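Spelled out, the chains give:
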Amino acid sequence: MRFVSPALKHIVFPALSRSGYLRYSAGAGPAIVTYHGVFPAGYEVRNPALDGNLVYADSLRRQLELLKKRYRVVAPEEFLRWSDEKQSLPPRSVLLTCDDALRNALTEMVPILQERGLSCLFFATGASADETPSMLWYEELYLMLLDASEPFTLSLLEAGISVGPITASERHACWWNLVERLSQFDKELRRGFLNQIRSQLRIAENWRERFVQNPILASRFLTLDVAGLRRLAAGGMSVGAHSLSHPILARAPEDLAWREISESRRVLEKALGRTVWGFGYPFGNAATVTGRDLRLAEQAGFRCAFMNTGGGFGANSLGAKINRFALPRVHVTADMSLAEFEAHISGFYRSLRKRLLGGDELEAVVEA
Ligand SMILES: [Zn+2]
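What you are looking at is a predicted structure, and each value in this text was computed from that prediction instead of being measured. (Residues numbered from 1 in each chain as written. Predicted model: local features only at pLDDT ≥ 70, side-chain atom pairs only at ≥ 80, totals over all residues. Heavy atoms only, no water.)

Caption draft 1: View of the packing of aromatic side chains. Summed over all chains, the structure comprises 19 aromatic pairs. Consider the rings of Tyr142 and Trp175, whose centres lie 4.9 Å apart with planes at 80°: the pair is edge-to-face. Note that Tyr142 is positioned in helix H7 (residues 137–147) and Trp175 in helix H8 (residues 171–182), a separation of 33 residues in sequence. The class of Tyr142 is buried, set by a relative accessible area of 6%. (Phe/Tyr/Trp six-rings, centres within 6.5 Å; stacked < 30°, edge-to-face > 60°. Helix = DSSP H or I, 4+ residues; strand = E, 2+ residues; numbered from the N terminus. Buried < 20%, exposed > 50% of the residue type's maximum accessible area, 1.4 Å probe, protein only.)

Caption draft 2: Molecular detail of the coordination of the zinc ion. For the zinc ion, the full set of protein donor atoms is Asp100 (OD), His242 (NE2) and His246 (NE2), and the range of their distances to it is 2.1 Å. Mapped onto the sequence, the donors of the zinc ion take the spacing D-x141-H-x3-H. As far as burial versus exposure is concerned, His242 and His246 are alike and both buried. (Donors = N, O, S within 2.8 Å, 3.2 Å for Na, K, Ca; no water.)

Caption draft 3: Broad picture of the nonpolar core. Ranked by internal contacts, the top residues of the largest apolar core, which has 59 residues, are Tyr35, Leu67, Leu96, Phe122 and Tyr281. In contact with Leu67, other than residues within four places in its own chain, are Arg72, Val73, Val94, Leu96, Phe341 and Ile345. If you look at the next biggest cluster of nonpolar residues, it comprises 42 residues, including Met135, Ile161, Leu182 and Phe211. (Core = buried A, V, L, I, M, F, W, Y, C linked by side-chain atoms within 4.5 Å. Contact = heavy atoms within 4.5 Å.)

Caption draft 4: Here's a closer look at the pattern of salt bridges. This model, assessed by the stated rule, comprises 19 salt bridges. A salt bridge links Glu342 to Arg70; its shortest N-O distance comes to 2.8 Å. With Glu342 in helix H15 (residues 338–346) and Arg70 in helix H4 (residues 57–70), the pair connects residues that are 272 residues apart, well separated along the chain. Both residues of the pair, Glu342 and Arg70, count as buried. Between Asp293 and Arg292 there is a salt bridge; the shortest N-O distance is 3.0 Å. Accessibility classification places Asp293 together with Arg292 in one group, the buried group. Residues joined in a network through salt bridges with shared partners are Arg46, Asp147 and Arg210. (Salt bridge = Lys/Arg side-chain N within 4 Å of Asp/Glu carboxyl O.)

This is the structure in structure tokens:
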């Protein structure tokens, strides 16, 4: 759960950022930042739940300038040496990461990084080892539900799923419920259920074409294909794995979770001809990742693995409590102001949340 009151966002964070308090109070590092891509120019944000994880190009530029000025952005390989305990990192070091490897990662984000001489660790799914681009299944599902006329009902007998009638206000909860339940199945079975959902919602078979044909929608929604992934790597970026097909691992049976984790490393290494050492858990919060999944990532031969919660300075300096397979990250969202971004990076936000709400979301996963 994220809390941001208007007073924090508009008064407290900007004052602490301006005064230098956030920078000077930053605990031991490093801090790790998660992006999910950059809106292509001309893209109209459709829905906060669907688009809220990407950022505008201008926001990214301002955030990177702030990091360059006040902190030190490290290369992914330097970070790996730190994680392997072979090298220490200077104070206030920040690692940039980006999940999902959408096409906009290459077309919008990489040029902004390159202009500033920065490198980033991109977590790609197994789909980016394919010859043809595809869409993230849970985004496809959300788009289909947005297109459905309400109220709608769905019945997937083989999956034991029967929902509805669903009205507009229930759509988001219905979507997440379906994401949880369809995460039990491998990507082929899941594909069959998505086709059934499409036909029950009376959406045309070729509806995905508009996302392929329109360059702005393609950049926003399509994943990189193998040629794009290789260009990303050739552009000085590092590539990590993000599972084969982006299920909620916590909902997948163990044999499926194992395949999703270990095979993603294998297919990406084969596609790139280089070692893939990092794993980013799909969704990556305490509700979607279990202690079992941390163990599977280690058994699959990854050297470290990344959550998508609990990050900022101080989070990686807990001595014996550091778990290289549950590295916390700061999840950057479209609505985050620059001062709010710095409050997250500095660790101020995390400790404030802990003081106000108690507990630490990440500890629950590590201890599970
Ligand atoms: Zn993801």
